[in-house]
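Listed below are the residues making up each chain.
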Amino acid sequence: MRTELVNGRVLTAAGLRDDVSVVIEDGCIVAVGPFGDAGDADIHDLEGQTLVPGFIDTQVNGGGGGLFNDDPSPDTIARIGRAHRRFGTTGFLPTLLSDDLEVIDRAIDAVDAAIAQGVPGVLGIHIEGPFLNARRKGIHDVSKFRVLEDEGIERLTRLKSGRTLITLAPEMTSPEMISRLTAAGAIVSAGHTDADYATTRAALSAGVTGFTHLFNAMSGLQNRAPGVVGAALEDQDAFCGLIVDGHHVDPVMLKLALRCRPVDRFMLVSDAMPSVGSDQDHFYLQGRRITVKDGTCRDVNGVLAGSDLDMSAALRNAIGLLDLDLASASTMASTAPAAFLGMSAKRGRIEVGQAADLVLLDAQLAVSDTWIAGQRLD
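Residues numbered from 1 in each chain as written. Predicted model: local features only at pLDDT ≥ 70, side-chain atom pairs only at ≥ 80, totals over all residues. Heavy atoms only, no water.

Novice: Talk me through the pattern of salt bridges; I want residue IDs and the actual numbers.
Specialist: Going through the model one piece at a time under the given rule, you end up with 17 salt bridges. The shortest N-O distance in the salt bridge between Asp235 and Arg261 comes to 3.9 Å. Of this pair, Asp235 sits in the loop between helix 6 (227–234) and strand 16 (239–242) while Arg261 sits in the loop between helix 7 (251–260) and strand 17 (266–268), and the two are 26 residues apart along the sequence. Residue classification places Arg261 among the buried positions, given a relative accessible area of 4%. Residues Glu351 and Arg349 are paired through a salt bridge, measuring 3.1 Å at the closest nitrogen-oxygen approach. Accessibility expressed as a relative area gives 27% for Arg349, which makes it partly exposed. Salt bridges linked by common partners bring Asp105, Asp109, Glu151, Arg155 and Arg158 together as one network. (Salt bridge = Lys/Arg side-chain N within 4 Å of Asp/Glu carboxyl O. Helix = DSSP H or I, 4+ residues; strand = E, 2+ residues; numbered from the N terminus. Buried < 20%, exposed > 50% of the residue type's maximum accessible area, 1.4 Å probe, protein only.)

Here's what the structure looks like:
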C-alpha cells in the first residue's frame, strides 16, 4: 500500500516546497510531486509542518538509559535506537569507547545480529579507540589503549553488514596500517590525537576521511603549529563531526570552521550518553560515575564524558548558535553523514529512490513524527 504525505513543507534539493507531496511504497520514496499523482494511496496529513530527511548520527554511545560499552548486545542497540528515534535519528552507529578486544568482538557481533534482526536504524558500528593517544584521552580509559597490530586489521573489519567506522590517532599507527584498514572496507577517522600537521596530512593521504568531534581531544590550531585542527580546516574533502551543544566547543570557533570549508563536509553528531531519552541524572562509564547536569555529562574531575545532546537539539543549535538556515543544518544532520558513510545513493535526501527515512518538525523544530523505511514511529 502506498502512503502519500500531504500538506507539508518539504525540504528538497530545490529548497522548502509546500506544493508537493511525498509518496512512500515498500520503504522507499517513489514520488515527490503534485498531490494526487500517486493514485490509490493512504493519505497522511502533515498539517503544515516541515518534512526533512531523517537524521544520521555517526557517534551514539548510549540512550534511553542504555550504554553500548556496558552491554554490547542487540537489545541495547534497539534500546538506544528507540530513544534517539524520538529525536529524529533514523540512522545511527552504536559507538564503543576504548575497551578490551573481547568487548570489541562482542560489539561487532551485536551489530551484525541487530542488522540481521532488522533493528530499525542501525547502520553499522563506530569503534572509537582503543588506538588513541593518552595525551588526548578525554574520558577514555587509558588502561584500554593499545597499539594497532596486524591481528587488529582483520578483527576490526569483520562486520558482515553495515559500515565500520574506526577512530584512531594517526601518530599511534602508520599510513600503511590506515591504508590496510580502508582497503578492508573500514572508514577511518582521526580523533583523540596529538598529531602534528604533517602526520595528519599523511594520514589523509593514506585514507583517513573524517575527524571525530573536531576541536575536541586533538592538537589545536597555533601560529607555528597548525596541528590536527589546521589540517582538518585546510582540507576540503574529509568530513568533520561537530558536537553543537554549546559546551564542547565555543560557537565562535564553529562559525570560523564553517567559513573554511564546504558545509556539506561537516556532520552534526550527538556523542550521546545514556541520559538522552531518559530521566537519569547520573550513570557509570567503566566504573566511573558520570553526572548529568545543565546539559552536560561530566566525571568527578569535570571532564566531559560524551554529551546529553540529541540530534534534533543539535539541528536547532546549528541554526540558533551558528546562524545557519534549515537547509544547511539539515545537510549537516543528514546529507553529509550519509555521504561520509558511502550511503548517499539511498539516504540523506528527500528524492525518488531514497529510503523513506523522514522526520517531521513542528514550528519550533521539535520532532513530531518519524519514519524509518516508511514505517512511522510507534
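Novice: Report on the side chain of Ser21, specifying residues and quantitative values.
Specialist: In this structure, Ser21 sits in strand 4 (residues 21–25). In this structure the side chain of Ser21 is engaged in a polar contact, spanning 2.7 Å, whose partner is the side chain of Glu4. Beyond its immediate chain neighbours, meaning those up to four positions away, Ser21 contacts Glu4, Leu5, Val6, Ala31, Val32, Gly33, Pro34 and Phe35. (Polar contact = N/O pair within 3.5 Å; in protein donor to acceptor, adjacent residues only side chain to side chain. Contact = heavy atoms within 4.5 Å.)

Novice: Please provide a residue-by-residue account of the sheet that holds strand 22 (residues 367–372), values included.
Specialist: With mixed pairing, six strands are arranged side by side in an open sheet as 3-2-7-21-22-23. Strands at the two margins of the open sheet, each flanked by one partner only, are strand 3 (15–17) and strand 23 (375–376). As defined by bridge partners, strand 2 (residues 9–12) adjoins strand 3 across three bridges and the pair is classed as antiparallel. Bridged to Leu11 within strand 3 is Leu16. On the sheet, helix 9 (residues 326–340) packs against strand 2, strand 3, strand 7 (50–53) and strand 21 (358–361) and is oriented at approximately 40° with respect to strand 7. (Pairing = 2+ DSSP bridges. Axes fitted to C-alpha atoms, helices over the stretch in contact; angles between N-to-C directions.)

Novice: Could you give me a rundown of helix 4 (residues 175–183), with the residues and numbers involved?
Specialist: Turning to helix 4, its buried residues number three or more, namely Met177, Ile178 and Leu181. Along the long axis of helix 4, the arc covered by the buried residues comes to 100°, so they all point the same way. In helix 4, those exposed residues whose orientation departs by more than 90 degrees from the buried face are Glu176 and Ala183. Looking at the packing, one finds that the buried side of helix 4 touches helix 3 (150–156), strand 13 (163–168), strand 14 (187–190), helix 5 (197–206) and strand 15 (208–211). (Arc of directions from axis to C-beta.)

Novice: Please provide a residue-by-residue account of a nonpolar patch on the surface, values included.
Specialist: Together, Val252, Met253 and Leu256 make up an exposed nonpolar region whose accessible area comes to about 250 Å². For Met253, the position within the fold is in helix 7. (Patch = residues over 30% accessible without salt bridge, like charges linked within 9 Å, V, L, I, M, F, W, Y side chains within 5 Å. Areas by Shrake-Rupley, 256 points an atom, 1.4 Å probe, with all protein chains shown as cover.)

Novice: Explain the packing of helix 8 (residues 311–322) against helix 9 to me, and be specific about the residues and the numbers.
Specialist: Running from amino to carboxyl end, helix 8 crosses helix 9 at an angle of 140°, the nearest separation of the two axes being 9 Å. Taken as axis vectors, helix 8 and helix 9 run oblique relative to one another. In the crossing of helix 8 with helix 9, the sense of the turn from one axis to the other is right-handed. Between helix 8 and helix 9, the contacting residues are Met311, Leu315, Ala318 and Ile319 on the first element and Leu326, Ala329, Ser330 and Ala333 on the second. Residues of the contact of helix 8 with helix 9, tallied by class, amount to seven nonpolar, one polar and no charged. (Parallel < 35°, antiparallel > 145°, perpendicular 65-115°, else oblique. Left-handed = near helix turned anticlockwise from the far one by under 90°. Nonpolar A, V, L, I, M, F, W, Y, C, P; charged D, E, K, R; others polar.)

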